Amino acid sequence: MGAVILGTGSCLPDRVLSNHDLEKIVETSDEWIRTRTGIKTRRISGKGEEAYRLATVAGQRAMEMAGVTAEEIDLIVVATISSHMLMPSCACFVQKELGAVKAFAFDINAACSGFLFGLDMVDKYLRADREKKILLIGAETLSSHTDWEDRNTCILFGDGAGAVVMGYRDEARGVVASNLFSDGNLWSLLCMHAAPSCNPDLNPPQHPGTHILMEGREVFKYAVKAMEGAVLDLLAREKVDLDTIGLMIPHQANIRILNKLVSRLGLPAEKVFINVQKYGNTSAASIPIALDEASREGRLKPDDLLLVCSFGGGFTWGAALVRW
Ligand code: UT7
């Protein structure tokens, strides 16, 4: 009994940027990118494809699947670190676009773990207020925070949005439990500065720009260990055997991170959903986009136990179990 996913949706920008396209921008190769990351293409937003617009379409698709109208939505939460404005929130723009007149709306920032953290929050909200219908979205346009001269990062990220409609059901399905963590001490290994401050006293001596900065190797090491720990801890706490997992949807960061994680856990490859080759790392949007694809492709059957896990800037990380 708990917070059930009633519908899923996603929306990707039209423009496809291939590894061969990147070869013309920075000194890299399709071969290097494919073998080091598993990524072949990513989507990049063009005019009219701001994060809130992708989020709105993803939300509409999720509502359509759930059979819920915009007027019935009580709360809109958007996990994002790349909305086109700081204020109002991305969620307020989505509320306006959808015409979700009674919904209150706000954003959360937990970087790539934003959707997972939102899922936990929505689960607890719905257990406290069972009549509500909630639209939870992960939406990113990280192309606007990418240094297109930095080959260490510009090959990794992509734009997109994924959404779920959630409501409480007196049924033996829904969010089972989650296990979330943060460690602010490690912030500088993966970060993105705000715009220069209007108060000069608050600026760092040299403003590094508002693009993503990353120590790739360090992030890699922490990501595998942290997700493995969060998953094993959660399974032990909930007395769930790994064999009973129907599908795992990890944050789509990098195929090497995912392969390492999966082999350390001992999960068979066919139980892991991977689409990083198509979209790259879409941060908070990656899990809900993958969830939408998995559900529409019939990879999730009623009563399946779904395992999701993520890792991102902060650091933030965790895992959750959902009975489908
Ligand atoms: O949500 C979490 C977000 N972050 C991540 O998921 C990132 C995690 N980290 C990674 O995925 C990997 O560390 C990267 C894919 C970013 C890099 O792979 P790596 O195997 O750790 O490479 P590296 O940084 O150790 O660099 C190896 C070499 C270097 O050259 P030298 O110093 O050995 O001559 C780099 O300069 O590869 C070079 N290199 C590249 N070469 C061609 C770095 N980026 C590129 C590139 N194309 N795009």
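Residues numbered from 1 in each chain as written. Predicted model: local features only at pLDDT ≥ 70, side-chain atom pairs only at ≥ 80, totals over all residues. Heavy atoms only, no water.

Trainee: Would you mind showing me how to read the overall build of the chain here?
Mentor: Of regular secondary structure, the chain possesses nine helices and 13 strands. Relative to the globule expectation of 20 Å for 324 residues, the C-alpha radius of gyration of the chain, 19 Å, shows essentially globular dimensions. Each principal axis of the C-alpha atoms in the chain carries an extent, and together these give about 55 × 45 × 40 Å. For the chain, buried positions account for 56% of its 324 residues. Counted over contacts in the chain with a minimum sequence separation of 6, partners at least 24 positions apart contribute 77%. (Helix = DSSP H or I, 4+ residues; strand = E, 2+ residues; numbered from the N terminus. Rg over C-alpha atoms; globule rule 2.2 N^0.38 Å. Buried < 20%, exposed > 50% of the residue type's maximum accessible area, 1.4 Å probe, protein only. Contact = heavy atoms within 4.5 Å.)

Trainee: What is the right way to look at the domain arrangement of the chain in this model?
Mentor: Where interface size is quoted, it is often the accessible area lost as the parts come together. According to the domain assignment, the chain contains domain 1 (2-172) and domain 2 (175-323). Placing a centre on the C-alpha atoms of domain 1 and another on those of domain 2 gives a separation of 14 Å. Each side of the interface is counted separately: domain 1 has 52 residues, and domain 2 has 43 residues. A combined buried area of about 3800 Å² lies between domain 1 and domain 2, and 63% of that area is made up of carbon and sulfur atoms. Contact with domain 2 buries area across many residues of domain 1, yet Cys-112, Leu-116 and His-145 alone supply 17% of it, more than any other trio. Viewed at the interface, domain 2 and domain 1 are joined by zero salt bridges. (Domains from an automatic or database assignment. Buried area = accessible area lost by both parts, 1.4 Å probe. Salt bridge = Lys/Arg side-chain N within 4 Å of Asp/Glu carboxyl O.)

Trainee: Sorry if this is basic, but what is going on with the packing of helix α3 (residues 51-66) against helix α4 (residues 90-98) here?
Mentor: Two measures define how a pair of helices packs: the angle their axes make with one another and the distance between the axes. Two elements in contact, α3 and α4, have axes whose closest approach is 9 Å; the angle formed by their N-to-C orientations is 55 degrees. The orientation of α3 relative to α4 falls into the category oblique. Classified by chirality, the crossing of α4 by α3 is right-handed. In this structure, α3 contributes Ala-51, Tyr-52, Ala-55, Thr-56, Gln-60 and Met-63 to the contact, and α4 contributes Cys-90, Phe-93, Val-94, Glu-97 and Leu-98. A class-by-class count of the residues in the contact of α3 with α4 yields eight nonpolar, two polar and one charged. (Axes fitted to C-alpha atoms, helices over the stretch in contact; angles between N-to-C directions. Parallel < 35°, antiparallel > 145°, perpendicular 65-115°, else oblique. Left-handed = near helix turned anticlockwise from the far one by under 90°. Nonpolar A, V, L, I, M, F, W, Y, C, P; charged D, E, K, R; others polar.)

Trainee: Whenever I open this one, the pattern of salt bridges confuses me. Can you help?
Mentor: Side-chain pairs of opposite charge can arise whenever the charged atoms involved come near each other. Taken as a whole and judged by the stated rule, the model has 14 salt bridges. Across the salt bridge formed by Lys-24 and Asp-21, the nearest N and O atoms sit 3.9 Å from each other. Residue Lys-24 is classed as exposed on the basis of its relative accessible area, which comes to 70%. Residue Glu-97 pairs with Lys-96 through a salt bridge whose shortest N-O separation is 2.8 Å. A residue is classified by how much of its surface remains accessible, and Glu-97, at 35% relative accessible area, is partly exposed.

Trainee: Hey, could you run me through the sheet that holds strand β12 (residues 305-312) in this one?
Mentor: Paired through backbone hydrogen bonds, the strands of a sheet run either parallel or antiparallel to each other. Read across the open sheet, the four strands follow the order β8-β13-β12-β11; overall the sheet is mixed. Because the sheet does not close on itself, it has two edges, and the strands there are β8 (174-182) and β11 (247-250). On average, each strand axis in the sheet is inclined to that of its neighbour by 10 degrees, with strand direction left out of account. Relative to β12, β11 runs parallel, the two being bridged by four bridges. Its bridge partner being in β12, Met-248 is matched across the sheet by Leu-307. The strands that helix α5 (residues 114-128) touches are β8, β12 and β13 (316-323); relative to β8, the one it contacts most, it runs at about 130 degrees. Across the face of the sheet, helix α9 (residues 286-296) comes into contact with β11 and β12 while running at roughly 150 degrees to β11. (Pairing = 2+ DSSP bridges.)

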